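Coordinate inspection notes
One-letter residues, chain by chain:
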Amino acid sequence: MSLVAREVTIRFGGVIAVERMALEVSPGEIVGLIGPNGAGKTTFINCVSGTYRPHTGTVRWLGDELLGLSPSTLLRKGVARTFQNVASLHDLTVLDIAKLGASARKDRQSGGHLLDFFRSDSALERELLEQILEPLELADVAHKPIQTLSYGRRKAVDLARALAAYPQLLLLDEPVAGLTSHEGMAMAGVVRNVRDRLGCAVIMVEHKMDVVMSTCDRIVVMAAGSKIFEGLPAEVQADPEVRRVYLGEP
Amino acid sequence: MRLRHAAAILALTLAGALPARAQVSVCIWGTITGPDALVNGMSYGIRDYLESLNQTKGGIAGQKVNALLLDGRYKLDEELKIYRRCVDQENAVFISGWSTGSVKALSDQITQDGVPFITQSYASEVLDPKKFPYIFMAGPTYEQQMIIALRDLAAKGGKRVVIMHADNEYGRGPVNVIRQSGVVNQLGLQLVDTVEFRYDAQDLTAQMLRVKSRKPDMVYIQASTPQAIVILRDAAKAGLAGKLFIGNLYTISPTIPEQLGEAAEGFRAIQAYQFYGTDIPAMKQIEAFGAKAPIEKKDMYYMKGWMEGIAIAAAVEGAIKQNGGKVPADIKQFREAVRQQMEAQTKLDDGGITPPLDFSNHQGFVQARIAEVNGGKYVPVGDWIDAR
Amino acid sequence: MNTRHLVIAVAVALLMGALSLAFGRFGAYMVNAVAIAGIGALSLNLLIGYGGQISFAQGALLGVGAYTAGNISNAGGDGLLAILGAGVMGAIISALIGIPALRLRGLYFAIATLAAQAILEYLFKILDPITNGVSGLVIRPTTILGIPMTSDRSLVVPSLVILVIVWVAVSRLMRIDLGRSFLVLRESEIVAKGMGIDVAHAKILAFFASGFIAGLAGALAGFANRLASPEAFTLDLSADYIAMIIIGGLGTWTGPLIGAAFVVLLPEAIQRVGEAAGLSDILSPLRELAFGLLIILFLIFEPRGLTALLSRLKPRSLAVPAPGAVPATGESLPP
Ligand SMILES: Nc1ncnc2c1ncn2[C@@H]1O[C@H](COP(=O)(O)OP(=O)(O)OP(=O)(O)O)[C@@H](O)[C@H]1O
Ligand SMILES: [Mg+2]
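Residues take numbers from 1 onward in each chain, read along the sequence in its written order. Chains carry letters from A onward and ligands carry numbers from 1 onward, assigned in written order. Local features in a predicted model are, by the rule used here, given only for residues with pLDDT of at least 70; side-chain atom pairs are given and counted only at 80 or more, and totals for whole chains, interfaces and linings are based on all residues. As a rule here, side-chain values come from all non-hydrogen atoms in the structure, and water together with hydrogens is ignored.

Before going further, it helps to examine the overall build of chain C. Assigned secondary structure in chain C consists of 14 helices and four strands. For chain C, whose C-alpha radius of gyration is 21 Å, the value lies close to the compact-globule estimate of 20 Å for 335 residues. Projected onto the principal axes, the alpha-carbon positions of chain C cover approximately 75 × 45 × 40 Å. For chain C, the share of sequence-separated contacts (at least 6 apart) that also reach a separation of at least 24 residues comes to 78%. Per-residue accessibility takes into account occlusion by the displayed protein chains alone, with areas from the Shrake-Rupley method and a 1.4 Å probe. Taken as a whole, chain C presents about 13,200 Å² of accessible surface, with 74% of it coming from carbon and sulfur. Charge assignment: positive for Lys and Arg, negative for Asp and Glu; neither His nor the chain ends contribute. By convention, the charge on Lys lies at NZ, on Arg at CZ, on Asp at CG and on Glu at CD. Of the side chains in chain C, 20 bear a positive and 17 a negative charge, and the two mean positions are spaced by 8 Å. Secondary structure elements are defined from DSSP: runs of H or I of at least 4 residues count as helices, runs of E of at least 2 residues count as strands, and each element is numbered from the N terminus. Note that the radius of gyration is over C-alpha atoms, with the globule rule given as 2.2 Å times the number of residues to the power 0.38. The contact definition used throughout considers only heavy atoms, calling two residues in contact when any of these lie within 4.5 Å.

And the structure:
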């Protein structure tokens with residue numbers, strides 16, 4: 001196991017958002033994290049990605065403790081994430097955002113900003129276009145400001161940013177929410193391809209069960225801040241407790 | 001495209017700045033708007049005197065004078081800009097400039113450009129005929145004004161002196177000179193405190209309580225009318241009498257008794273020019289001019305300007321006469337001739353506004369007297385004293 | 001893209017150079033003033049327009065540059081060294097001013113910069129050995145690379161060269177990772193942080209870069225004015241610079257220069273029009289009013305400034321589709 005999270009607990013005032021949450025992911029594995037609204041999925045992702053600092057618990061990645069590190073340090077260590085809601089960023093083009101994602105990569109870290117001034121980034125541009133924007137069907141809008149794009153495409157841009165970092169651990173928060181089912185399936189396909197190519201570990205929070213079922217190798221179900229079930233996609237669908245809590249059956 | 005628009009704007013704006021040519025051009029910049037606007041009468045005085053020559057004598061030596069009055073707003077960059085315009089575009093043969101800062105910043109360039117310049121700031125540093133052969137000053141410096149007040153106190157047997165000044169060059173500079181010169185002790189007086197305050201302070205109650213605790217026999221104000229108003233108002237609150245206070249030349253303004261009434265009574269100030277309305281020959285000219293055009297400021301500073309106008313016109317006239325009644329074709333020559341004529345004036349009569357002027361040392365005259373607010377009016381209370 | 005900016009910058013500088021020759025010494029002084037204001041506005045636009053950090057300390061920062069350059073030059077250092085020294089000093093002081101920005105945001109930080117402006121103004125007045133107190137530091141004419149800078153015309157050259165370099169450098173900066181992270185920072189610090197941008201690092205660098213450029217502008221202003229005095233670098237000057245970047249268009253590439261030209265030339269234009277119409281006595285006080293009014297009007301009607309106004313004049317811009325997200329389709333659970 002390369003990602004091992006244990007006993008992760010975080011409270012907001014009186015609300016216990018995540019309580020003694022445990023999760024493990026191996027490289028090359030896509031784990032689906034599902035659960036009803038307010039279950040604490042986003043909060044858990046925020047803890048792993050350095051946005052929140054949990055009160056207790058450990059999150060180890062290849063043996064190193066991640067808790068307490070800032071998002072920028074984590075990104076440099078290969079932990080990238082996407083957001084449930086995408087921000088609209090004025091004046092930045094799709095390619096700009098992808099480049100920002102790529103800026104965390106080791107091979108882009110030498111020399112500092114002053115060298116950037118004189119360094120051409122056309123090679124990077126080509127690479128991003130071919131490897132990331134093309135598969136996400138963003139190549140044709142690469143030079144458009146992102147606020148001119150549809151919601152679905154903006155979500156794709158957010159994914160492109162995370163992928164451009166060539167992450168080893170990829171955290172996806174509802175990547176296909178708000179997308180048409182065609183768009184969603186395409187996006188899921190890209191995630192699988194990236195996993196195949198980079199061999200990265202993926203945690204995918206998602207409500208759309210068809211996407212979850214067809215993409216994930218394993219599924220973890222959260223409710224009220226804790227893990228209530230873990231298993232293969234088929235097992236999850238069969239479990240009566242999950243059906244009751246999450247799928248709303250009696 | 002954008003570039004073209006930007007260029008068009010630039011070009012249009014600068015196009016308005018094409019040089020205007022006049023045979024004799026005098027450029028005056030003052031503070032028409034800005035912190036010193038209450039005491040800007042001299043800027044109008046110079047212009048009006050030159051205008052009156054245009055009206056009564058057809059100008060100077062038969063040449064119409066273009067007297068251009070500009071607003072420096074007491075802002076350094078604005079004043080530096082105006083200076084360029086005066087030298088370069090207006091071809092001014094004489095310039096009257098305002099703030100201490102601008103005169104200092106320009107002092108080298110004035111020499112380089114060789115343009116006669118009369119400063120409305122009384123900073124002693126620029127009064128140096130060797131270093132700054134083109135800079136002239138009308139009357140006593142701030143230091144000399146202060147010495148007149150100190151001598152008066154010594155003569156009356158007082159002892160304890162407090163100096164109040166603003167926190168800018170105008171306030172600090174002369175006070176430092178006086179402090180370092182040791183003149184206070186030489187006169188047998190004691191400087192018990194110096195109080196600095198913000199130039200734009202609106203409340204000086206705390207400072208006035210401090211002044212009161214020093215039990216002064218005299219408080220000298222090195223600041224201008226707006227500050228003097230705040231000082232006297234808060235002095236009254238602290239129970240300090242107006243007669244304890246004496247201010248420099250720039251605290252003679254009808255505004256002070258008008259705004260303060262009783263609190264201004266007894267307040268004294270240094271007077272170096274006859275008041276507006278005094279029965280002197282110059283006043284007749286002013287009244288004659290005033291009959292045809294409105295006079296912007298009817299105060300002592302206007303008289304100062306009128307006097308400066310007389311000196312400028314006399315020097316220009318001398319230069320034209322020397323050139324056989326024609327304006328020298330080369331502005332450089334013209335300016336140099338005017339400078340020499342200015343220096344050559346040793347007994348210039350300005351119609352009684354001041355004693356006869358002598359610009360051989362670049363300072364027209366060095367005497368002043370003390371005036372006191374009495375019944376809402378400034379009334380002279382002493383003889384003219386030479387401040388050298 | 002970059003070469004286009006380079007071409008535009010060089011063309012504008014050449015045009016300004018030509019104007020300075022065509023309108024004599026006064027023209028040279030005005031062109032120099034516009035160039036210096038342009039550099040200062042580029043600096044502030046980098047900080048506010050691109051980095052989203054509101055600062056009212058720009059006037060004082062220019063002062064830091066002027067005093068630094070004045071001292072180096074008066075001590076016999078070459079003008080170029082003085083200008084670069086002013087840049088470094090501006091950068092350092094600006095980074096110090098930026099430290100509270102690591103904790104404070106928006107208006108709260110803006111208040112902190114007001115304090116910084118006041119502190120620096122105070123220091124200008126009391127640090128006598130460096131600043132010569134309230135008298136101001138008289139700056140003797142400098143020499144740049146051995147060439148004496150005695151006339152207004154000679155000063156135009158370094159100002160325009162620096163303007164071009166800074167203008168192009170800002171354009172380039174916005175095309176590297178650092179500049180892009182400024183833009184994200186401006187939109188939202190939380191988003192920036194989430195995207196893995198080192199917010200503190202980016203902020204301090206924004207102040208550093210902006211301060212460096214402000215220092216250059218201050219040095220050039222010092223050489224042009226030949227005096228660095230506390231009264232020249234007050235909050236009024238900061239306000240002028242904020243006016244420039246708002247009127248020109250916040251966060252645009254051409255805006256700072258257009259705004260600078262506008263703010264520097266408008267008073268003169270009003271003055272000359274007033275003189276021509278015989279109304280200068282009335283129009284003179286109006287100049288101050290005009291600025292306030294213009295800023296309010298721009299904020300209400302054209303927040304993106306003159307740049308946007310000018311680009312709307314060209315028919316080409318009609319073809320650009322209005323920005324706005326297409327509504328999302330497809331079923332999904334509410335977030
Ligand atoms: N910053 C915060 N402050 C206070 N409470 C919070 C905060 N963030 C999350 N919570 C609370 O923690 C709980 C978990 O929220 P979280 O956003 O993690 O749920 P989620 O599983 O992502 O839900 P959804 O499927 O709707 O996105 C909720 O009760 C939420 O109100
Ligand atoms: Mg969520």
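Right, let's talk about the sheet that holds strand β1 (residues 24–30) of chain B for a bit. Residues and elements named next belong to chain B. At least two DSSP bridges between two strands are needed for those strands to be called paired. Within the open sheet, the five strands sit side by side as β2-β1-β3-β4-β5. Their pairing is parallel. In this open sheet, the two edge strands, each paired with only one partner strand, are β2 (65–71) and β5 (135–137). Within this sheet the neighbouring strands show an average axis-to-axis angle of 20 degrees, counted without direction. Direction of pairing for strand β3 (residues 94–97) relative to strand β4 (residues 117–119): parallel, over a ladder of three bridges. Here, axes are lines fitted to C-alpha atoms. For helices the fit covers the stretch in contact, and angles between N-to-C directions go from 0 to 180 degrees.

One widely used convention gives an interface's size as the accessible area the parts lose upon coming together. On the side of chain C, 44 residues touch chain B, which itself brings 42 residues to the contact. Once two parts are put together, the accessible area they lose, assessed with a 1.4 Å probe and summed over both, is termed the buried area. Where chain B abuts chain C, roughly 4,300 Å² becomes buried across the two surfaces, and 59% of that area is made up of carbon and sulfur atoms. Put simply, a salt bridge is a Lys or Arg side-chain nitrogen that is within 4 Å of an Asp or Glu carboxyl oxygen. Counting across the interface, chain B meets chain C through five salt bridges. Of the charged contacts, one joins D152 of chain C and R84 of chain B as a salt bridge, the two residues approaching to 2.9 Å between their closest N and O atoms. Here a polar contact is taken to be a pair of N or O atoms separated by no more than 3.5 Å, where protein atoms must pair a possible hydrogen donor with a possible acceptor and residues adjacent in sequence count only if both atoms sit in side chains. Connecting chain B to chain C are ten residue pairs in polar contact (both at pLDDT 80 or more). Taken together, the elements giving at least two residues each to the side of chain B that touches chain C come down to α1 (2–15), β2, α3 (76–89), α4 (100–113) and α6 (169–181) of chain B. When residues of the side of chain B that touches chain C are assigned to their parent elements, the largest contribution, eleven residues, is made by α3 of chain B. All amino acids are sorted into three groups, where Ala, Val, Leu, Ile, Met, Phe, Trp, Tyr, Cys and Pro are nonpolar, Asp, Glu, Lys and Arg are charged, and the leftover types, Gly among them, are polar. For the side of chain B that touches chain C, a count of residues per class yields 17 nonpolar, nine polar and 16 charged.

With that settled, consider the site of ligand 1. Among the 14 residues in the neighbourhood of ligand 1, the closest are listed as G38, K41, T42, T43 and H207 of chain A. Near ligand 1, the surrounding residues belong to chains A and C. Backbone polar atom of G40 of chain A to an oxygen atom of ligand 1: 2.9 Å apart, as the coordinates give it. Considered on its own, ligand 1 offers 630 Å² of accessible surface; in the complex 67% of this is hidden by protein. With three residues, helix α1 (residues 41–48) of chain A is the single largest residue contributor to the shell around ligand 1. Partitioned by chemical class, the residues of the shell around ligand 1 number five nonpolar, seven polar and two charged. A cutoff of 4 Å decides nearness: a residue is near a molecule or strand if any of its heavy atoms lies inside that distance of it.

Turning to the confidence of the model for chain C, a few remarks are in order. Low-pLDDT stretches of the model should not have their predicted coordinates read in fine detail. Residues and elements named next belong to chain C. pLDDT is a per-residue confidence score from the predictor, ranging from 0 to 100. Summing up the model confidence of chain C, the mean pLDDT is 88 and the portion of residues at 70 or higher is 93%. This model gives residues 316–335 a pLDDT under 50, and the stretch forms 28 contacts once residues within four places in sequence are excluded. The complex model carries a pTM of 0.88, and its ipTM stands at 0.86.

What follows is about the side chain of R369 of chain B. Residue and element names in this part refer to chain B. By secondary structure assignment, the location of R369 is in strand β11 (residues 367–374). The cut-offs for exposure are 20% and 50% of the maximum accessible area for each residue type, with area from a 1.4 Å probe on protein chains only; residues under the lower value are buried, those over the upper are exposed, and the others partly exposed. This buried residue, R369, is left without a salt bridge; D383 holds the nearest opposite charge, at 6.6 Å. At a separation of 3.4 Å, a polar atom in the side chain of R369 contacts the side chain of Q274. Contacts of R369, omitting those with residues within four sequence positions, involve A269, I270, Q271, Q274, P380, G382, D383 and W384.

So, about the interface of chain C and chain A. Counting residues at the interface gives 36 residues for chain C and 40 residues for chain A. Of all residues in chain C, D177, R180 and M195 of chain C bury the most surface against chain A, accounting for 20% of the area lost on that side. Applying the counting criterion to the chain C and chain A interface returns one salt bridge. Linking chain C with chain A are one residue pair in polar contact (both at pLDDT 80 or more), by the criterion used here. Listed by contribution, the elements that provide at least two residues to the side of chain C that touches chain A are α7 (152–173), α8 (177–187), α9 (189–194) and α10 (199–225) of chain C. Ranked by residue count, the leading element in the side of chain C that touches chain A is α8 of chain C, at eight residues. Its residues assigned to classes, the side of chain C that touches chain A shows 17 nonpolar, nine polar and ten charged.

Another aspect to go through is the side chain of D71 of chain B. All names here are of chain B. Tracing the backbone shows D71 in strand β2. Among the polar contacts listed, one links the side chain of D71 to the backbone nitrogen of I32, at a separation of 2.9 Å. Reaching out from D71, the side chain makes a polar contact with the backbone nitrogen of R73 at a distance of 2.9 Å.

Now for the coordination of the magnesium ion (ligand 2). Residues and elements named next belong to chain A. Note: metal donors comprise N, O and S atoms at 2.8 Å or less from the metal (3.2 Å for Na, K and Ca); water molecules are not included, so apparent gaps in a site are possible. Binding of the magnesium ion (ligand 2) to the protein goes through T42 (OG1) and Q84 (OE1), at separations of 1.9 to 2.2 Å. Pair noted here: T42 is in helix α1 and Q84 is in the loop between β6 (79–81) and α3 (94–102), with a separation of 42 residues, a long-range link. T42 gets classed as partly exposed once you look at its relative accessible area, which sits at 24%.

Residue and element names in this part refer to chain B. With four bridges connecting them, β11 and strand β12 (residues 377–380) associate as antiparallel partners. Within the sheet, the bridge partner assigned to A371 lies in β12 and is P380. Once β11 ends, the chain turns through two residues before running back antiparallel as β12, passing G375 with a positive phi of about 60 degrees.

As a further point, take the pattern of salt bridges. A complete count under the given rule lists 43 salt bridges over all chains for this structure. Of the charged contacts, one joins D217 of chain A and R195 of chain A as a salt bridge, the two residues approaching to 3.0 Å between their closest N and O atoms. Pair noted here: D217 of chain A is in the loop between α8 (209–215) and β9 (218–223) and R195 of chain A is in helix α7 (residues 181–198), with a separation of 22 residues, a long-range link. What makes R195 of chain A buried here is its relative accessible area of 12%. It is possible to trace a salt-bridge network through shared partners that takes in R73, E78 and K81 of chain B together with E268 and R272 of chain C.

Moving on, we come to the packing of helix α12 (residues 300–322) of chain B against helix α13 (residues 331–344) of chain B. Packed helix pairs are characterised by how far apart their axes lie and by the angle those axes make with each other. All names here are of chain B. Between α12 and α13, the shortest axis-to-axis distance is 8 Å and the interhelical angle comes to 120 degrees. One finds that α12 runs oblique with respect to α13. With respect to the hand of their crossing, α12 and α13 are arranged in right-handed fashion. Listed contacts from α13 to A311, A315, V316, G318, A319, I320 and Q322 of α12 are F334, A337, V338, Q341 and M342. Oblique is the label for any angle not under 35 degrees, not over 145, and not in the 65 to 115 range, which are roughly parallel, roughly antiparallel and roughly perpendicular in turn. When the near helix sits turned anticlockwise from the far one by under a right angle, the crossing is termed left-handed; a clockwise turn instead gives a right-handed crossing.

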